[in-house]
Amino acid sequence: MDKKFFVLLFLIFSFCHDGKSQIIDYEDFKKYVVSIHYTNAGKPNGTGFLLSDGKTILTCEHVIKNWENSLFVSYFNEDSKFYPAKVLGKDEKKDLALLQVVHSLKTQRIPFKEKLKVGEEVFAFGSMYGFSYTLLKGYVSHPLREEVDYTRLPHIHVFGLAYSGMSGAPVFSQDGYFIGLIRGVFGFGIDNGNSMVIPISTIRDFLREHKIEY
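The residue count restarts for each chain, going from 1 along the sequence in the order it is written. Per-residue local features are limited, in this predicted model, to residues with pLDDT of at least 70; the limit for side-chain atom pairs, both in listing and counting, is 80 or more; totals at the level of whole chains, interfaces and linings are taken over all residues. Only heavy atoms go into the side-chain values, all of them from the structure, while hydrogens and water stay out.

Colleague: What exactly am I supposed to notice about the overall build of the protein chain here?
Modeller: Counting its regular elements, the protein chain contains three helices and 12 strands. Throughout, the Shrake-Rupley method with a 1.4 Å probe supplies accessible areas, and for residues the shown protein chains are the sole cover considered. On the protein chain, roughly 11600 Å² of surface is accessible, and the fraction owed to carbon and sulfur atoms is 57%. Each helix is a run of DSSP H or I of at least 4 residues and each strand a run of E of at least 2, with the numbering of both proceeding from the N terminus.

So, in structure tokens, the structure goes:
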């Protein structure tokens, strides 16, 4: 009788633990996402990823192109406040840029992973059509495409995330890892959801060039 009881208790514990590990509180990821604006008013024009120092923002170079002297960011819990941002560095080929704001928001470092599986579910918050903190979910169509464009840089092929305003948004795996940054739509149609994501390997190279470790 005692032996059966302990076996049952173990099975119940295992079931609860497994079920719990599959649950993600998407709201927890909002604090790592910022809206990027070209003026200190109105709807956002792009998205960025707030790094663990709380004041450095990673985004796509094309998001800030031609607007380097007029950039503002807003945070998920302060949508009506706009903070001026300056450009710390950029790389047109990698399509990455770093911004910095004086106002900081305390964050933690999100672990990353590079190895992805076809069909793996992913999600992102971004400024889709100017609506800040829109949650989108998709899946990995191909974990590594190397001949997307002239850059010959690797990209993660993801379906379900690429829409206007989502460029620069961080992408997370369903188990809570940072996997890359949305670069933009790929293929026919302006907003078909078919996206290329800049992988963590390219991002880490870019950050190292600017003396930042991730």
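Colleague: I would appreciate a short explanation of the pairing of strand β12 (residues 193-199) in the present structure.
Modeller: Working note: regular strand, side chains alternate between the two faces of the sheet. Most of β12 is tucked away: seven of the seven residues are buried. Type-normalised accessible area, obtained with a 1.4 Å probe on protein chains alone, sets the label of each residue: buried when under 20%, exposed when over 50%, and partly exposed for intermediate values. In β12, alternate side chains face the same way, and those of Gly193, Ser195, Val197 and Pro199 on one face and Asn194, Met196 and Ile198 on the other are all buried. Bridge analysis of strand β9 (residues 155-162) against β12 gives five bridges, and the strand direction is antiparallel. Of the residues in β12, the one forming a bridge with isoleucine 156 is valine 197. Any two strands between which DSSP finds at least two bridges are classified as paired. Where strand β11 (residues 178-185) and β12 come together, five bridges link them in antiparallel fashion. The partner of valine 185 across the bridge, within β12, is serine 195.

Colleague: Help me understand the pattern of salt bridges, please; the structure alone is not making it clear to me.
Modeller: Between side chains of opposite charge, pairing is possible as soon as their charged atoms come close. Every case where a carboxyl oxygen of Asp or Glu lies within 4 Å of a side-chain nitrogen of Lys or Arg is listed as a salt bridge. Enumeration according to the criterion identifies 12 salt bridges in this entry. Residues lysine 30 and glutamate 27 are paired through a salt bridge, measuring 3.4 Å at the closest nitrogen-oxygen approach. The exposure class of lysine 30 is buried, given its relative accessible area of 17%. As a salt-bridge pair, glutamate 61 and lysine 65 come within 3.4 Å of each other at their nearest N and O atoms. For lysine 65, a relative accessible area of 34% puts it in the partly exposed group. Via salt bridges that share partners, Glu61, Lys65 and Glu92 belong to a single interconnected network.

Colleague: How should unusual backbone geometry be read in this particular structure?
Modeller: Trans peptide bonds make up the majority, and among non-glycine residues the majority have a negative phi. A positive phi angle is found at tyrosine 133, which is not glycine, with a value near 60°. With respect to the element layout, tyrosine 133 can be found in strand β8 (residues 131-145). You can call tyrosine 133 buried: its relative accessible area is 11%. The phi angle at arginine 152 is positive, at roughly 60°, despite the residue not being glycine.

Colleague: Looking at this structure, I do not really get the nonpolar core. What am I missing?
Modeller: If you look at the biggest cluster of nonpolar residues, it comprises 39 residues, and the most contacted ones within it are Phe49, Leu58 and Ile203. If you tally residues by element for this core, the top one is strand β6 (residues 96-101), at five residues. Beyond its immediate stretch of four places on either side in the chain, isoleucine 203 contacts Leu58, Leu96, Phe178, Gly180, Leu181 and Ile198. For this analysis, a nonpolar core means a set of buried residues of the types Ala, Val, Leu, Ile, Met, Phe, Trp, Tyr and Cys, connected via side-chain atoms within 4.5 Å. Whether two residues are in contact is decided by their heavy atoms: any pair within 4.5 Å suffices.

Colleague: Is there a simple way to think about the environment of cysteine 60 in this case?
Modeller: Among the secondary structure elements, cysteine 60 is positioned in the loop between β3 (56-59) and α2 (61-64). You can call cysteine 60 buried: its relative accessible area is 0%. Through-space distance from the C-alpha of cysteine 60 to that of glycine 184 is 9.3 Å; in sequence the pair is 124 residues apart. Ignoring sequence-local partners within four residues, the contact set of cysteine 60 consists of Asp95, Leu96, Ala97, Ser167, Gly168, Leu181, Ile182, Arg183 and Ile198.

Colleague: Before we go on, may I ask you to explain the pairing of β3 in this structure?
Modeller: Burial along β3 is two-sided: the residues Thr56 and Leu58 and Ile57 and Thr59 are all buried. As judged from the two bridges shared by strand β2 (residues 46-50) and β3, these two strands associate in the antiparallel manner. Bridge pairing in β3 places leucine 50 opposite isoleucine 57. Pairing of β3 with β6 involves four bridges; the strand directions are antiparallel. Considered in β6, the bridge of threonine 59 is made with alanine 97.

Colleague: Is there a simple way to think about the packing of aromatic side chains in this case?
Modeller: Remark: the centre distance and the inter-plane angle together describe each pair of aromatic rings, the angle taken between the planes. The pairing test for Phe, Tyr and Trp rings, Trp by its six-membered ring, is centres within 6.5 Å, and the orientation test on the planes gives stacked under 30 degrees, edge-to-face over 60, and tilted for anything in between. This model, assessed by the stated rule, comprises 14 aromatic pairs. For a lysine, the NZ atom is tested; for an arginine, the CZ atom; a charge sits over a ring if that atom is within 6 Å of the ring centre and within 35 degrees of the ring normal. Above the face of the tyrosine 214 ring, arginine 109 is positioned so that its terminal group lies 5.1 Å from the ring centre.

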